[in-house]
Amino acid sequence: MADQIPLYPVRSAAVAAVANRKRAAYYSAAGPGPGAERPSRYRLEDESAHLDEMPLMMSEEGVENEESDYHTLPRARAARRGRGLRGLPRRLCGGWASLCTSCCDWLVNVCRRQRELRARTVWLGRPEKSEEKHPGNSIRNQKYNVFTFIPGVLYEQFKFFLNLYFLLVSCSQFVPALKIGYLYTYWAPLGFVLAVTITREAVDEFRRFRRDKEVNAQLYSKLTVREDVCTVGCVFEGIPPGAGLFILDWDAFHGAVQSTVFGALTENQRIPSDMVFLRTSEKAGSCFIRTDQLDGETDWKLRVAVSCTQRLPALGDLFSIRAYVHAQKPQLDIHGFEGTFTREDSDPPVHESLSIENTLWASTVVASGTVIGVVIYTGRETRSVMNTSNPKNKVGLLDIELNQLTKALFLALVALSVVMVTLQGFAGPWYRNLFRFLLLFSYIIPISLRVNLDMGKAAYGWMMMRDEHIPGTVVRTSTIPEELGRLVYLLTDKTGTLTQNEMVFKRLHLGTVSYGTDTMDEVQSHVRSAYAQLHSQAGGNGASSTPPRKAQPPGPRVRKSVSSRVYEVVRAIALCHNVTPVYESGAGVTGETEHAEADQDLSDENRTYQASSPDEVALVQWTESVGLTLVSRDLMSMQLRTPGGQILTYRVLQMFPFTSESKRMGIIVRDESTAEITFYMKGADAVMAAVVQYNDWLEEECGNMAREGLRTLVVAKRALTEEQYQDFESRYAQAKLSVHDRALKVAAAVESLEREMQLLGLTGVEDRLQADVRPTLELLRNAGIKIWMLTGDKLETATCIAKSSHLVSRTQDVHVFRPVASRGEAHLELNAFRRKHDCALVLSGDSLEVCLRYYEHELVELACQCPAVVCCRCSPTQKACIVRLLQQHTRRRTCAIGDGGNDVSMIQAADCGIGIEGKEGKAASLAADFSITQFRHIGRLLMVHGRSSYKRSAALGQFVMHRGLIISTMQAVFSSVCYFASVPLYQGFLMVGYATIYTMFPVFSLVLDQDVKPDMAMLYPELYKDLTKGRSLSFKTFLVWVVISIYQGGILMYGALVLFESEFVHVVAISFTALVLTELLMVALTVRTWHWLMVVAELLSLGCYVASLAFLNEYFDVAFITTVAFVWKVSAVTVVSCLPLYVLKYLKRKLSPPSYSKLTS
């Protein structure tokens, strides 16, 4: 895959052989077990092996130095090279350059000084103790303000050489000695371009202003010291820090918060700023929030209130206590937070640790209950704003290429003018003649180029939005439709983009028996019979309230029946999760235990399940479908309803949530009816295989399910005695109170339970893909587009979706990049990856950060050669960083597509951003250049509209240049014949009419041209691959048009000079009429598929010219143009200028037909 990238320095064969044996021993070793020491994987035995593994980018010096010295090595080597007298001038120049650079940097920092981010202490309800001011919280997405609008728009226009050139040319007409023709012939086209541009930008700015005003006009409620509630704008301006508690309603909320104010938010309300969660209306002291606009995940996240403030008797006590929150300085990390809550007026003082579970980040939504929080970060210091990049003005590659061609034309213009002055012999005021020639030949660079291209872009956008095959498509940035036809890399989000984020339970495997979707009724009958038997036994013995002395699993201890095994695995799945049932009729999560209230409130019709993962919800919904229903849950207990309607209550003793490191979750519950204590656990097969009892089927079945695209979870349990649990609880509590190495000690305590667990079963869940995702991805791959999936989801989930969506084919190898934390680990993994050939790459955001720090170039080079790349656990900032890396290292066009607020940075950083309006809101859709409703629409958007837009604009741009080149060639021939005089050939209305009504409509009708039909473009996506090479618009095609223009201009001018009779006005009449006819015929020669509007444009332009001949007495001899001689002379000149080109086109199509012609024939 990457053999051409040398990562090793050349060494002797003996040393290389020794190192190869060591590497083979290392990479053939099995993966680490649960108790293996991770650093041992990267331990190197000698320095030679270390050097062998080092990429060339790292010198041997870099190996010997510390990590902090690595970046200073090139500078040190450069200093050594510059020693001696010969290096003295270089050092002096370098010193002055360094001094100037330092001064400039200092001035820039002074002008753009930003407030340093610091940790802060926020006092509850005491604004007088505020340490510093905090930024406002208003939302502003506008590019300009009242003062910068006109200068900003003009700068964006005149930074292009084309527009700047015409501004200078137009201004030169105010100098009498340089004036040629009328002012309106120069200023009218330029003014029209600027007016259209300013109007378009003003409309876009007004729309942004109106959207921002709508969001900032929302209101929130604030709890004050007097315990009353007032409504204020969420901008929070004028409110001192710590002035009160916010109570924000869904319809009552607005834009700018000053830090340390209390806020209370109700269900379905967006959180305006980053807060610490103090209190909730829920009895359990917790609530759910939706984070889809922050991290792209639609699953609900559980947040827990600070226990000290949650236990306060009344809401007003928040102001009576002396307490403060110490928060770390604002960070980019949306998955972490470190802080402390301290109450000083208690004896002893209360210190409570704060983590991510106690936070409410801005742009998230309260999903249940009412919460009260204290604001800690506002405005640009919030996590959501820090992870959002500023929008940039995107410029299409076609515009850049045309800008380069106009520079080449300008050089040709200068050269031609110098040649004319030279042939004059530099007689008289030659410099004035030089400027006059520059103005005479200024039509080489046609100002109508920008007008035609901008109008063409608007037409392409209109066609996209009117396409019935992709309904709901919106073009928000009308300046880059051609970018859709030049894409090489497509970076896509996973959740909501490739998938519907809807999980469906598909498979249950018990080792000897497997159940699929068509046999779930058998599982239901097993569960019903098992609970009926248990209920009859409990009723017969009359001992349902007497706990046994020993905790033991139900059923016989010898080989269990299928019914008992099904019963146990279904009960384990119904208990081992973090799902909470939510009832619309209630106030949120119902925690009542009385049967009467349960019958009244816990109705199935109003119940919905919420959890931090859709997998969890799918599993609980499946247990409900087979008869075991979760009806209630809080932090301390949960209730299940059996098929017979009996309510079973379980007390939650301990909960071990899923983490990306552990890859498993566990729960310890006590059955209230039997007092049995059971430890249930489920997780990925890679980690569960080491903790369950020996079996011979788990690995094979996990592989089978993975090949089907299912997400697998292994379910296991362990029965605990009271003594075992009490021993564990004491060790676990002690570990949680540890100050040092808390995470390691807690993990060690939990691992003491994870031994010889009983394997219950294996589940398979399918994440439903969006409609037609697989054929769409296949279409894009055939078109030569490389697809990268960037997601904030877990590695296992991302890998599974990559396989099920066929982003990675089932026969293709997948290289999972091991977690790395240092430079040594990173280079070992890169070398391991280098040996793989034609495999997909899967890596996490943390590993990506480490690799980019030391081996940015190597990583990008290797990754770009992969057929597919999957980056998981990516923050919004990392997504945008990956886009920019591809742009910098490959110089190729990138496209980003997503549907959540976490995708906005990626969409704005890409050359072309596409947003999907879906379940995660409209943030991505509003920030994108193009908005679609389904992922499958991107196929037609690129293959049909993107391809057509690029080819049409390329043809249109070159034809407009040809139109200017041909008339400039005629001017050059005329000036040569007239002894190199700087006299214009055509004046006044003839020049304006030539660029507008006489040729504008036929030329612009090229935006309707197409080489193949849309269905054919979708059927053969390989046609798209040719566009990435830029062959439709290149210096080669441009030179072809230059040759055509010189030939036709010379024929038209010399033909008119040869055939005219006595008066100069006859030359003008013959040459101009032949010029107009030639342009109309050239449009017909360029067209590949005729549209009825093209025919109308040709006839309309011809009719306008013929009709205007009667009114052009100033330029034409009306008596001459009505003679037969005029007609045959014009016809002869026109035929000679066009007929050879028609013959050449016919021969080329026969001898070397283009690829699309083979499909249309």
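Residues numbered from 1 in each chain as written. Predicted model: local features only at pLDDT ≥ 70, side-chain atom pairs only at ≥ 80, totals over all residues. Heavy atoms only, no water.

**Overview of the overall build of the protein**
Broken down by element type, the protein carries 42 helices and 36 strands. For the protein, with 1161 residues in total, the buried portion stands at 52%. Taking as baseline every contact in the protein between residues at least 6 positions apart, the subset at least 24 positions apart corresponds to 73%. About 52,300 Å² of surface is accessible on the protein, with carbon and sulfur atoms providing 58% of the total. (Helix = DSSP H or I, 4+ residues; strand = E, 2+ residues; numbered from the N terminus. Buried < 20%, exposed > 50% of the residue type's maximum accessible area, 1.4 Å probe, protein only. Contact = heavy atoms within 4.5 Å. Areas by Shrake-Rupley, 256 points an atom, 1.4 Å probe, with all protein chains shown as cover.)

**A look at the sheet that holds strand β19 (residues 514-515)**
A sheet is described by the order of its strands in space; here 9 strands give the open sequence β19-β18-β29-β28-β27-β26-β25-β24-β23, paired in antiparallel fashion. Looking at which strands have only one partner, the edges of the open sheet turn out to be β19 and β23 (629-633). Alignment of strand β18 (residues 499-509) against strand β29 (residues 758-769), held across 7 bridges, turns out to be antiparallel. Paired with His509 across the two strands is Leu762, which belongs to β29. (Pairing = 2+ DSSP bridges.)

**Some thoughts on the packing of aromatic side chains**
Evaluated as defined, the whole model comprises 23 aromatic pairs. For the ring pair Trp123 and Tyr324, a centre distance of 4.8 Å and an interplane angle of 45° mean the geometry is tilted. Here Trp123 is found in strand β1 (residues 120-123), whereas its partner Tyr324 is found in strand β10 (residues 323-327), with 201 residues between them in sequence. Of the two residues examined, Trp123 and Tyr324, each falls in the buried class. Each ring, one from Phe505 and one from Trp622, has its centre 4.1 Å from the other, and the planes form 15°; the classification is stacked. Taken as a pair, Phe505 in strand β18 and Trp622 in helix α19 (residues 614-625) lie far apart in primary sequence, 117 residues in all. (Phe/Tyr/Trp six-rings, centres within 6.5 Å; stacked < 30°, edge-to-face > 60°.)

**Side note on unusual backbone geometry**
Backbone geometry at Ser363 places phi at a positive 75°, although glycine is not the residue there. We classify Ser363 as buried; its relative accessible area is 18%. In this model, Arg873 sits at a positive phi of 55°, which is unusual for a non-glycine residue. Among the structural elements, Arg873 can be located in the loop between β33 (868-872) and α29 (876-890).

**Section: a negative patch on the surface**
A cluster of acidic residues, Asp685, Asp696, Glu699, Glu700 and Glu796, forms a negative patch at the surface. In this structure, Glu700 sits in helix α21 (residues 698-707). (Patch = residues over 30% accessible without salt bridge, like charges linked within 9 Å, V, L, I, M, F, W, Y side chains within 5 Å. Salt bridge = Lys/Arg side-chain N within 4 Å of Asp/Glu carboxyl O. Lys, Arg positive; Asp, Glu negative; His and termini not counted. Charge placed at Lys NZ, Arg CZ, Asp CG, Glu CD.)

**Notes on helix α24 (residues 773-782)**
If you check which residues of α24 are buried, you get Val773, Thr776, Leu777, Leu779 and Leu780. One side of α24 carries all its buried residues, which in axial view fall inside an arc of 155°. Two residues or fewer past α24, Gly784 is found with a positive phi of approximately 85°. (Arc of directions from axis to C-beta.)

**Here's the deal with the environment of Val617**
Inspection of the secondary structure assignment puts Val617 in helix α19. Exposure remark for Val617: the relative accessible area of 14% places this residue in the buried category. Placed 39 residues apart in sequence, Val617 and Asn578 show a C-alpha to C-alpha distance of 8.9 Å. Ignoring any residue separated from it by four or fewer positions in sequence, one finds Val617 in contact with Val579, Tyr609, Gln610 and Ala611.

**A word on the environment of Val385**
Take Val385: it is sitting in helix α12 (residues 383-386). As for Val385 and Leu332, which are separated by 53 residues in sequence, their C-alpha atoms are 9.1 Å apart. Those residues within four positions of Val385 in sequence are excluded, and the remaining contacts are Gly379 and Arg380.

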